Structures are given as structure tokens and as C-alpha cells.
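Listed below, chain by chain, are the residues.
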Amino acid sequence: MSSSAGNEILKVISTRFGEFDVNASSVITIPSGLIGFPGFSQFIILEYNQPFSWLHSLERSDLAFVVVNAAEFGDGYIFDLPLGDSDTDLREEDDVAVINLVSVRPAPQETTVNLKAPVVVNLRNMRGRQVVLDDHRFSMRFSLWAANEPQGEAKIAEPEKK
Amino acid sequence: MLILTRKPGESVYIGDDIKVTLMEIKGNQVRVGVDAPSSVRIYREEIYLQILEENKSAALLSQDTKDLGEIATTWKKQKPTTLGKLKSDKGNTEKE
């Protein structure tokens, strides 16, 4: 074949979005799958409504996660990347995308984000892994908006004085 | 379940490349060291089970989510202000 795999067009079947085509180069491979969903390793990001998007399985038409780009969380959300990991072959010089799974509950104010187990994607090879951060500051159910309410505010420690 | 008795400093091999060492016993706590290839996932059980549940619940909730318009609008109107403070947010622990 003369065309590279990157130009290949794949057909995706989705219970949410129906049938559509994606470029093979934008497919994210998560060899180990997401925790609890082994065997589903091919995903695509569907940009839908910034900063939120869908992480949609190519192998299961009804498997999709609402995700948020971790870059939105600013300097406070910093952790060591899993360098040398065999799933992602992540090296120091690689560019990465970090996305977090979002639990959208019926009332949007109750929306939580899993900061504990982000999906790290190596943009060099589009391979990713859901990592588990050994850091008590990062909640599995970080409330996106409740912290803005007065009672939430009281629980938050003062930032360290510089 | 295979049960083996080990003293501090002694190890057990699981296959050829996973080595579990009993490091230290202190009161009712035991420190365990695991040497394994990076492809082997090692989790504390309770954390692993919590993340498994959280992922499954996120997938289910996503099925009920019609579109992202509502949360995206909420985000624009009420952008989280505390995220930048996460670093010093010691009070932000798991709710489980």
C-alpha cells in the first residue's frame, strides 16, 4: 500500500452519534484499557463543547466518557508522568495530553472530575494509559463547582504564603 | 490462595520478573516492596476498586448525558476558581 496508516479512514459506529468516519491518525490506543473496561483499547476524542469532549470507544458503540482537558486545571494539577511506561513508551521529551473523566450528574452543579486517575496520552505515538496518582490531594470526585459555594469555601486551606 | 511465611527481608517471586519483598513489620502494618516490569499495574486494592467503580459510574452517567452543552455553559458562567489552588488544597480528600 502506498498510503500510510495515518491516512486511513475508519468507520465508527456509535449509539450516540450514529455512524461516522475518523482519520486513523487521531485514534488513541490505550493498551490496558480503562480500569474496569479491559479489552477496549481504541478510542477517539470527539470535540463537542469546550473544554469538555467525549472519549469514545471504537470497539463498543455505547462506550463513551465525558472528559475534560486537564490543562484547564492550571498549575495546581501537577504530577510525575509515567516515564518509561511500556503502554505509552513515554519519554522525557514527549508531548502529552492529559484528560480526566467527568461524571455528569443530573444537576450540572454536581458534576465531578476524577483527578486521581487521569488518562495520559503520548502525542508522539497516540498511546495512552489511565494512571493512578498516589497523591491524597487529587480526589476521585473533585467537585467542579461546589467549591464556589460558601460552605465549600470554608473547607479549603489557605494557599501557602510565598 | 497460596500462603507463604516470610521474614522481613525475604521475598517471593511471582513468575520470572515479579518480586515481592516483605520489607518491614511495624505494629499492625506490613511494608511490602514490589519489583515488577512497568507493564504490570500495581494498585492498593481499595484505590483500584474505587477507580473501577468511578469509571463504571462515569460510563453509565455518560449514557444519560444528552450533550455537553449544559456543563459547558455552566463552566463558562462559573469557571472553577479553586483548581489553581489544588496544590495547597490539603482539605480536598476523597469523599469515599
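Residues numbered from 1 in each chain as written. Chains lettered and ligands numbered in written order. Predicted model: local features only at pLDDT ≥ 70, side-chain atom pairs only at ≥ 80, totals over all residues. Heavy atoms only, no water.

This paragraph deals with the overall build of chain A. Summing up its helical and strand segments, chain A has one helix and eleven strands in all. A burial count over chain A gives 48% of its 162 residues as buried. For chain A, contacts bridging at least 24 residues in sequence account for 46% of all contacts bridging at least 6. By element, 49% of the accessible surface of chain A is carried by carbon and sulfur atoms, the whole surface being about 7,900 Å². (Helix = DSSP H or I, 4+ residues; strand = E, 2+ residues; numbered from the N terminus. Buried < 20%, exposed > 50% of the residue type's maximum accessible area, 1.4 Å probe, protein only. Contact = heavy atoms within 4.5 Å. Areas by Shrake-Rupley, 256 points an atom, 1.4 Å probe, with all protein chains shown as cover.)

Here we come to the environment of A:N49. When you line up the elements, A:N49 lands in strand β4 (residues 42-49). Judged by relative accessible area, A:N49 falls into the partly exposed class, the value being 22%. The sequence separation of A:N49 and A:R124 amounts to 75 residues, and the corresponding C-alpha distance is 25 Å. Contacts of A:N49, omitting those with residues within four sequence positions, involve B:L68, B:G69, B:A72 and B:K76.

Turning to the packing of aromatic side chains, a few remarks are in order. Residue and element names in this part refer to chain A. Going through the model one piece at a time under the given rule, you end up with eight aromatic pairs over all chains. Ring geometry for F37 and F65: centres 5.5 Å apart, planes at 85°, overall edge-to-face. Of this pair, F37 sits in the loop between β3 (27-29) and β4 while F65 is found in strand β6 (residues 64-69), placing the two residues 28 residues apart along the sequence. Centre to centre, the rings of F73 and Y77 are 5.8 Å apart; their planes meet at 75°, and the pair counts as edge-to-face. Residue F73 shares its accessibility class with Y77, and that shared class is buried. Aromatic rings pair up to connect F73, Y77, F79 and F138 into one cluster. Between R60 and the ring centre of F40, over which it is positioned, the NZ or CZ distance is 5.5 Å. (Phe/Tyr/Trp six-rings, centres within 6.5 Å; stacked < 30°, edge-to-face > 60°. Lys NZ or Arg CZ within 6 Å of the ring centre and 35° of its normal.)

Per-residue confidence for chain A gives a mean pLDDT of 85; residues scoring 70 or more make up 86%. Below a pLDDT of 50 lies the segment residues 148-162 of chain A, which in the model reaches 21 contacts outside its immediate sequence neighbourhood of four places, other chains included. (pLDDT = per-residue confidence, 0-100.)

Below, the discussion takes up helix α1 (residues 45-64) of chain B. Between its first and last C-alpha atoms α1(B) spans 29 Å; for 20 residues at 1.5 Å apiece the expected length is 28 Å, and the two agree. Among the residues of α1(B), those classed as buried are B:I47, B:I51, B:L52, B:E54, B:N55, B:A58, B:A59, B:L61 and B:S62. Against β5 (52-57), β6, β7 (96-103), β8 (112-113) and β10 (127-130) of chain A lie the buried residues of α1(B). (Expected span 1.5 Å × (residues − 1).)

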